[in-house]
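If you want the building blocks of each chain, they are given just below.
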Amino acid sequence: VQLQAFGGGLVQPGGSLRLSCAASGASIRSYSIGWFRQAPGKEREFVAAIRRSGGSTYYADFVEGRFTIAEDIAKNTVYLQMSSMKPEDTAVYYCAGDSNLILSSIRDSRQYKLWGQGTLVTVSS
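These remarks concern the structure in this document. Residue positions are counted from 1 within each chain, in the order its sequence is given. It should be noted that, the model being predicted, local features are given only for residues of pLDDT at least 70 and side-chain atom pairs only at 80 or more, the latter also being counted only at that level, while totals for whole chains, interfaces and linings use all residues. Excluding hydrogens and water, the side-chain values take into account all heavy atoms of the structure.

### A few points about the state of the cysteines
Any cysteine sulfur atom paired with another within 2.5 Å is treated as part of a disulfide. Following the criterion strictly, the structure yields 1 disulfide and no others. A disulfide bridge connects Cys-21 with Cys-95, and the sulfur atoms are separated by 2.2 Å. Judged by the sign of its S-S torsion, about 70°, the cystine formed by Cys-21 and Cys-95 is right-handed. Linking Cys-21 in strand β3 (residues 17–24) with Cys-95 in strand β9 (residues 91–98), this pair joins segments that are 74 residues apart in sequence. Accessibility classification places Cys-21 together with Cys-95 in one group, the buried group. By definition, any uninterrupted DSSP run of H or I lasting at least four residues is a helix, any uninterrupted run of E lasting at least two residues is a strand, and each is numbered from the N terminus. Using a 1.4 Å probe on the protein chains alone, a residue whose accessible area is under 20% of its type maximum counts as buried, one over 50% counts as exposed, and one in between counts as partly exposed.

### Describing the nonpolar core
Residues belong to one nonpolar core when they are buried, are Ala, Val, Leu, Ile, Met, Phe, Trp, Tyr or Cys, and are joined through side-chain atoms within 4.5 Å. Counting 36 residues, the largest nonpolar core has Trp-35, Leu-80, Met-82 and Tyr-93 as its most contacted members. At the level of elements, β1 (2–6), β3, β4 (32–38), β5 (45–50), β7 (67–72), β8 (77–82), β9 and β11 (119–123) are the ones that each hand at least two residues to this core. The leading source of residues in this core is β5, at 5 residues. Should any heavy atoms of two residues lie within 4.5 Å, those residues are considered in contact. For Leu-80, the contacting residues outside a window of four places in its chain are Leu-17, Arg-18, Leu-19, Trp-35, Val-47, Ala-48, Phe-67, Thr-68, Ile-69 and Tyr-93.

### Overview of the pairing of β8
Across the 6 residues of β8, 5 count as buried, placing the element largely inside the fold. Alignment of β7 against β8, held across 6 bridges, turns out to be antiparallel. Within the sheet, the bridge partner assigned to Phe-67 lies in β8 and is Met-82. Where β7 folds back onto β8 in an antiparallel hairpin, the turn is made up of 4 residues, including Asn-76, whose phi is positive at roughly 55°. Two strands pair under a simple rule: DSSP has to find at least two bridges between them.

Rendered as structure tokens:
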């Protein structure tokens, strides 16, 4: 299975952007999918995840209700809808997946076996 992340771009502070993580080769239902980001000079950090079993969602504290992760089974795609964006949201965003992720590891990037390429998000006026 392969994951492809896209949808990044330039957005003004306070604006919105939707990222997509498209899966090929297997159903997205078989995987827990996470979004991570990495800003220049910083470590990769967890943003949001949707769990394989039941579709429960999880968010980093800094999201503060601004982002929503959701899946579209028919399109085999997981989305990250971002709104009220801030300059500090600027980063390369990655989607990742794993079919055997346990709940306690949902925020740990090291536990995800599959990774899509990154997509750059820039929040600037």
